[in-house]
Amino acid sequence: MAQYTRVSGSVGLITLQSPPVNALSAAVRQGIVDLMQRALSEPEVKSVVICGQNGIFCGGADIKEFGGQMSGPPLIPMIHAIEAASKPVVAAIEGIALGGGLELALGCHYRIAHSKARVGLPEVTLGLLPGAGGSQRLPRLIGVPAALDLITTGRHVTAAEALKFGLVDQITDHNTVNVAVKFAQRVADQPLDARRISTYPCLCPSDVAVLFEEVMQRVRRTARGAIAPIACVQAVRAAATLPYNQGMERERELMATLFTSGQARALQYFFFAQRAVGRWSMPSGARWDTSKPRPVHKAAVIGLGTMGRGITVALAQAGFSVVAVETQEKQLMEAKQAISGMLERGAKRRGVAPALDKINYGRNIQSVADVDLVIEAVFEDMALKKKVFQQLSAVCKPSTFLCSNTSGLDIDQLACQTRNPELVVGMHFFAPAHVMKLLEVVYGPKSSPLAVATAMQLGKKIGKVSVAVGNCRGFVGNRMLKPYLEQALFLLEEGATPEFVDQVLEEFGFAMGVFRMSDLSGLDVGWKVRMADGLAMPDPTTGQPTRLRQGRRYSPLGDLLCEQGRFGQKTGRGWYQYDKPGSQVAKPDPWLHSFLDEYRARHALVAHRIDHQEVLERCLYSMINEGFRILEDGIAAGPEDIDVIYVFGYSWPRHHGGPMFYAATVGLNKVLERLEHYYQAHPDVPSLQPCHLLRKLVASGSPPIQKWREVIKKVRSQL
Ligand SMILES: CCCCCCCCCCCCC/C=C/C(=O)SCCNC(=O)CCNC(=O)[C@H](O)C(C)(C)COP(=O)(O)OP(=O)(O)OC[C@H]1O[C@@H](n2cnc3c(N)ncnc32)[C@H](O)[C@@H]1OP(=O)(O)O
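Computed from a prediction, not measured in an experiment: that's the story for all the values here.

Novice: Just to check I follow, could you spell out the environment of phenylalanine 270 for this structure?
Specialist: Looking at where phenylalanine 270 falls in the secondary structure, it is placed in helix H12 (residues 262-276). In this structure phenylalanine 270 comes out as buried when scored by relative accessible area, which is 1%. Remark: the alpha-carbon pair of phenylalanine 270 and leucine 126, spanning 144 residues in sequence, is separated by 8.6 Å. The contacts of phenylalanine 270, once residues within four sequence positions are left out, are Asp643, Val644, Val647, Phe648, Arg654 and Gly657.

Novice: What is the right way to look at the packing of helix H6 (residues 144-153) against helix H9 (residues 208-223) in this model?
Specialist: For the pair H6 and H9, the least separation of the axes is 11 Å and the interaxial angle reads 15°. Comparing the axis directions of H6 and H9 gives the class roughly parallel. Crossing angle aside, the handedness with which H6 passes H9 is right-handed. Judged by residue contacts, Val144, Pro145, Leu148 and Thr152 of H6 engage Val208, Leu211, Phe212, Val215, Arg218 and Val219 from H9.

Novice: Would you mind showing me how to read the nonpolar core here?
Specialist: Considering soluble globular proteins, one finds that nonpolar side chains tend to be buried as a cluster. Val368, Val501, Trp575, Leu620 and Phe628 are the most contacted members of the largest nonpolar core, which has 107 residues in total. No other element matches the 10 residues that helix H24 (residues 612-633) contributes to this core. Mapped onto the domain boundaries, this core takes at least three residues apiece from domain 2 (298-473) and domain 3 (495-602). Setting aside residues no more than four positions away along its own chain, valine 501 makes contact with Ala488, Leu491, Leu492, Ala496, Val514, Phe515 and Val615. Counting 74 residues, the second-largest nonpolar core is a separate cluster that includes Ile79, Val144, Ile197 and Ala231.

Novice: It is not clear to me how the UniProt feature "domain: 3-hydroxyacyl-CoA dehydrogenase C-terminal" (unreviewed entry) in the protein should be interpreted in this structure. Could you clarify?
Specialist: Feature annotation in UniProt assigns "domain: 3-hydroxyacyl-CoA dehydrogenase C-terminal" (unreviewed entry) to the following positions: residues 474-578 and 615-702. Helix makes up 69% of residues 615-702 and strand 0%, and the two end C-alpha atoms of the span are 25 Å apart.

Novice: Can you help me understand the site of the ligand in this one?
Specialist: In the vicinity of the ligand, 26 residues are found, and the nearest of them are Gly59, Ala61, Ile63, Gly100 and Arg275. Contact distances for the ligand include 2.9 Å between a nitrogen atom and a backbone N or O atom of isoleucine 63. The contact in question runs from an oxygen atom of the ligand to an N or O atom on the side chain of arginine 275, over 2.6 Å. Coverage of the ligand by the protein amounts to 70% of the 1,300 Å² it exposes when considered alone. At the level of elements, helix H2 (63-66), strand E5 (96-98), helix H4 (100-107), helix H11 (244-259) and H12 are the ones that each hand at least two residues to the shell around the ligand. Taken together, the residues that form the shell around the ligand break down as 15 nonpolar, 5 polar and 6 charged.

Novice: Where do I start with the layout of surface pockets in this structure?
Specialist: If a probe the size of a water molecule is rolled over the atoms, the empty space left behind becomes visible. For the second largest pocket, the calculated volume is near 690 Å³. Around the second largest pocket, the lining comprises 25 residues; the ones closest to its centre are Arg265, Gln268, Tyr269, Phe661 and Gln706. For the lining of the second largest pocket, the secondary-structure elements that each account for two or more residues are H2, H12, helix H25 (639-650) and helix H26 (659-666). Of the residues forming the lining of the second largest pocket, the biggest block, 9 residues, is contributed by H12. Along the lines of polarity and charge, the residues of the lining of the second largest pocket split into 13 nonpolar, 6 polar and 6 charged.

Novice: Looking at this structure, how should I read the domain arrangement of the protein?
Specialist: How big an interface is tends to be stated in terms of accessible area lost as the parts join. For the protein, the assigned domains are domain 1 (2-259), domain 2 (298-473) and domain 3 (495-602). Taking the mean C-alpha position of each, domain 2 and domain 3 sit 31 Å from one another.

Novice: Would you take a moment to explain the environment of proline 432 for this structure?
Specialist: Within the fold, proline 432 resides in the loop between strand E15 (424-429) and strand E16 (438-443). Overall, proline 432 belongs to the partly exposed group, its relative accessible area being 40%. In this structure, the C-alpha to C-alpha distance between proline 432 and isoleucine 311, residues 121 residues apart in sequence, is 8.6 Å.

Novice: How do you make sense of the sheet that holds strand E13 (residues 373-376) when you look at a structure like this?
Specialist: Where strands meet in a sheet, backbone hydrogen bonds hold them as pairs that are either parallel or antiparallel. If you trace the 8 strands from one edge of the open sheet to the other, you get E12-E11-E10-E13-E14-E15-E16-E17, paired in mixed fashion. Each edge of the open sheet carries a strand with a single partner, namely strand E12 (359-362) and strand E17 (465-470). Across the sheet, the mean angle separating the axes of adjacent strands is 25° when strand polarity is ignored. Where E13 and strand E14 (residues 401-404) come together, 4 bridges link them in parallel fashion. Considered in E14, the bridge of valine 374 is made with leucine 402. Lying over the sheet, helix H13 (residues 306-317) contacts strand E10 (298-302), strand E11 (321-325), E12, E13 and E15, oriented at roughly 165° with respect to E10.

Novice: Honestly, H24 in this entry has me stumped. Any pointers?
Specialist: Because an α-helix completes one turn every 3.6 residues, residues spaced three or four positions apart along the sequence face the same direction. Spanning 22 residues, H24 covers 32 Å between terminal C-alpha atoms, matching the ideal 32 Å at 1.5 Å per step. With 19 of 22 residues buried, H24 lies mostly within the body of the structure.

Novice: What am I meant to see in the pairing of E13 here?
Specialist: For a regular strand, side chains alternate in direction, first toward one face of the sheet and then toward the other. Because side chains alternate across E13, one face comprises the buried residues Leu373 and Ile375, and the other comprises Val374 and Glu376, equally buried. Note that E10 and E13 share 4 bridges and pair parallel. Each residue of the ladder has a partner; that of valine 301, found in E13, is isoleucine 375.

Novice: Mind showing me how you'd approach empty space enclosed by the protein here?
Specialist: Counting across every chain of the model gives 2 cavities of 30 Å³ or more. Computed from the structure, the largest cavity encloses a volume of approximately 70 Å³. Every residue along the wall of the largest cavity is listed here: Leu392, Ser393, Cys396, Lys397, Pro398, Thr400, Leu402, Thr418, Arg419, Asn420 and Leu423. Classifying every residue of the lining of the largest cavity by side-chain character gives 5 nonpolar, 4 polar and 2 charged. Its volume calculated, the second largest cavity comes out at about 40 Å³. For the second largest cavity, the full set of lining residues is Arg294, Pro295, Val296, Phe320, Thr454, Gln457, Leu458 and Lys461. Residues that form the lining of the second largest cavity fall into these classes: 4 nonpolar, 2 polar and 2 charged.

Novice: What should I look at first to understand the UniProt feature "domain: 3-hydroxyacyl-CoA dehydrogenase NAD binding" (unreviewed entry) in the protein in this one?
Specialist: Within this structure's numbering, the places UniProt gives as "domain: 3-hydroxyacyl-CoA dehydrogenase NAD binding" (unreviewed entry) are residues 298-471. Between the end C-alpha atoms of residues 298-471 the distance is 26 Å, and the span holds 38% helix and 23% strand.

Novice: Sorry if this is basic, but what is going on with the sheet that holds strand E9 (residues 170-172) here?
Specialist: Pairing in this open sheet of 6 strands is mixed, and the strands run E1-E2-E3-E4-E6-E9 from one edge to the other. Every other strand in the sheet has two partners, leaving strand E1 (2-7) and E9 as the edge strands with one partner each. Each strand of the sheet is rotated relative to its neighbour by a mean of 20°, with strand direction disregarded. As judged from the 6 bridges shared by E1 and strand E2 (residues 11-16), these two strands associate in the antiparallel manner. Of the residues in E2, the one forming a bridge with glutamine 3 is threonine 15.

Each value, and the rule that gives it
Residues numbered from 1 in each chain as written. Predicted model: local features only at pLDDT ≥ 70, side-chain atom pairs only at ≥ 80, totals over all residues. Heavy atoms only, no water. Helix = DSSP H or I, 4+ residues; strand = E, 2+ residues; numbered from the N terminus. Buried < 20%, exposed > 50% of the residue type's maximum accessible area, 1.4 Å probe, protein only. Contact = heavy atoms within 4.5 Å. Axes fitted to C-alpha atoms, helices over the stretch in contact; angles between N-to-C directions. Parallel < 35°, antiparallel > 145°, perpendicular 65-115°, else oblique. Left-handed = near helix turned anticlockwise from the far one by under 90°. Core = buried A, V, L, I, M, F, W, Y, C linked by side-chain atoms within 4.5 Å. Domains from an automatic or database assignment. UniProt positions renumbered as here; feature names shortened; annotations may be inferred. Near = heavy atom within 4 Å. Polar contact = N/O pair within 3.5 Å; in protein donor to acceptor, adjacent residues only side chain to side chain. Areas by Shrake-Rupley, 256 points an atom, 1.4 Å probe, with all protein chains shown as cover. Nonpolar A, V, L, I, M, F, W, Y, C, P; charged D, E, K, R; others polar. 1 Å grid on protein atoms, 1.4 Å probe; cavity = no way out; pocket = protein on both sides within 12 Å on 5 of 7 lines; lining within 4 Å. Points joined across faces, edges and corners; volume = space filled by probe spheres on them. Pairing = 2+ DSSP bridges. Expected span 1.5 Å × (residues − 1).

Put into structure tokens, the structure is as follows:
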């Protein structure tokens with residue numbers, strides 16, 4: 001919807017009204033079309049201002065409409081009509097002008113922005129391109145290099161940057177609508193020909209062909225298989241090389257391909273999934289909207305290893321007072337230096353002062369007595385963590401929330417060490433903790449909704465996408481990783497190489513294949529866990545078979561590498577070889593290939609030809625199957641939670657939506673059928689056995705992912 005008012009006698013003011021972000025829904029577009037006609041037909045009106053209600057210009061096309069039948073006036077002719085208008089039209093940009101919102105502003109003759117406004121063309125992040133003339137007008141207005149940057153990255157720019165580019169004509173600290181109205185009055189009689197961006201020649205640097213080649217190569221390298229960034233480059237190239245009308249035709253063709261693509265569907269699903277995880281719920285019925293968080297002013301971090309340092313930086317950067325505790329003097333000194341360095345580098349990048357004074361360092365756990373919330377980040381060792389929780393419970397005020405940064409240990413066991421177990425939750429950060437967006441907030445059986453709400457809110461305040469998950473070994477992310485890693489090892493036993501498995505996964509879109517990733521994170525990490533679990537290094541005296549544990553297939557390959565001191569990048573050898581310890585360039589290692597040959601011979605394993613499809617299906621479907629078990633167990637509230645965890649924490653390619661969305665795209669019946677096939681071939685691998693929920697969903701006719709929760713509820717109630 002849109003509202004029309006006449007201001008100062010001669011200015012027609014059109015206000016977009018579609019909360020929360022004034023998206024260009026069919027009703028809003030209809031409103032603009034009608035009200036523009038009215039403003040142009042009223043003789044007293046000499047100029048027009050377009051603004052948005054509640055201090056927000058426009059968040060772009062209404063993404064919810066993309067999935068269905070589009071109705072209402074189309075955007076492109078609507079913007080053309082504004083540009084062609086005989087009276088000056090001024091966009092008054094407050095808050096945001098994004099996507100179609102900025103394209104609307106580019107159709108106006110002038111743009112006035114508030115100094116706090118942000119503008120951008122983020123369509124690429126939704127699998128689209130600025131298909132309402134944005135790919136053709138922006139390069140004509142700000143030049144090809146800047147337009148390529150904005151359109152291929154989708155980044156938002158500040159009003160100051162927009163002014164520098166020439167994207168807006170003026171910025172103001174005052175009431176933007178008032179300023180725009182005055183401006184509109186001033187320009188009422190000015191000729192408009194020079195203000196219609198579609199008539200501008202496209203500003204190209206002399207080496208434009210080289211520029212396009214370079215950008216295309218960069219985009220192909222970083223897109224990880226996403227098609228929209230490539231189409232964005234092609235559309236801007238059309239602006240640079242074709243007359244406007246032909247450029248628009250090319251924009252339309254490219255947009256038509258993207259608009260109906262699976263990638264666009266996946267990215268748009270993911271947009272809403274990201275927002276849905278904030279509306280968390282627990283099996284007890286506690287929910288985000290009925291559970292109030294308690295404010296946190298002062299926090300503490302216990303243990304300043306890699307994770308503790310990152311968490312301290314994240315808290316301090318967000319403005320929290322932090323007590324950072326490390327009991328070892330040498331470790332404390334090193335941590336202080338590292339944290340200061342991280343804060344200084346971060347502050348330099350953001351052009352602000354480093355938050356060094358937010359942190360008080362100490363060696364004594366007593367120093368956390370008055371904090372509101374503690375994040376314990378000591379080694380992943382249950383006995384040690386239990387001791388720390390006992391101490392914290394004795395030292396802290398009774399209302400202090402006690403959180404553990406653990407990647408999979410039992411939160412309930414920690415809660416049992418404290419006086420107030422209801423105030424204990426897990427906060428599983430991902431390394432590096434000040435950079436990675438994901439936070440799993442883990443509730444145990446005793447955790448109160450208050451503790452969950454407080455941890456979720458803290459996560460949001462430090463810039464994380466927080467997902468509330470239940471308490472089980474590995475929570476959501478690492479629990480699903482287990483079958484994925486396991487399949488990768490089995491594939492090596494059966495004839496694949498680490499290079500081939502990684503290549504398939506990287507072509508799918510992962511930033512790194514499973515073996516390169518293991519080399520980066522360190523093979524010894526999992527080895528220690530397996531040793532603690534009694535899995536690694538079978539005792540020959542017990543006669544435990546090397547490749548079987550409790551009747552299940554087990555691959556000791558990772559353990560054998562660790563026994564050789566091959567821990568990955570840090571030792572210069574792992575699944576790959578490196579020039580020197582710490583080097584990041586992975587090279588195939590002939591030693592590893594001979595080692596695999598010998599291993600297969602020793603265990604009478606006959607290598608067979610493993611193809612692309614088998615790698616993908618076994619690695620991904622076993623992980624997806626575990627995802628369904630997690631839903632069945634109530635560890636994740638819905639598929640969106642799993643997908644958000646995988647995209648933000650495990651580099652799952654966003655244009656595939658996340659593992660559960662991917663399963664829906666492939667077809668649940670196909671996933672089921674392939675799992676059945678592989679389970680038949682490998683009956684000693686329980687993770688390949690299709691779970692009950694997957695069968696139930698297929699039996700229910702494979703409903704769309706948005707309807708899975710209904711089936712999940714029924715399955716859970718039967719368990
Ligand atoms: C058959 C072939 C046909 C082919 C041809 C088809 C032609 C079609 C032509 C169409 C041309 C279209 C060209 C233009 C495309 C676009 O404009 S795409 C949209 C671009 N805009 C964006 O990407 C902005 C997305 N939104 C955001 O980044 C943020 O929401 C925000 C605006 C910066 C606000 O952030 P914040 O304050 O943190 O609030 P949020 O929680 O994120 O959002 C609040 C709620 O608003 C909902 N929402 C936000 N933006 C939109 C939107 N554009 N459409 C619909 N809904 C939106 C968001 O989902 C939140 O609601 P809840 O999910 O209910 O919480």
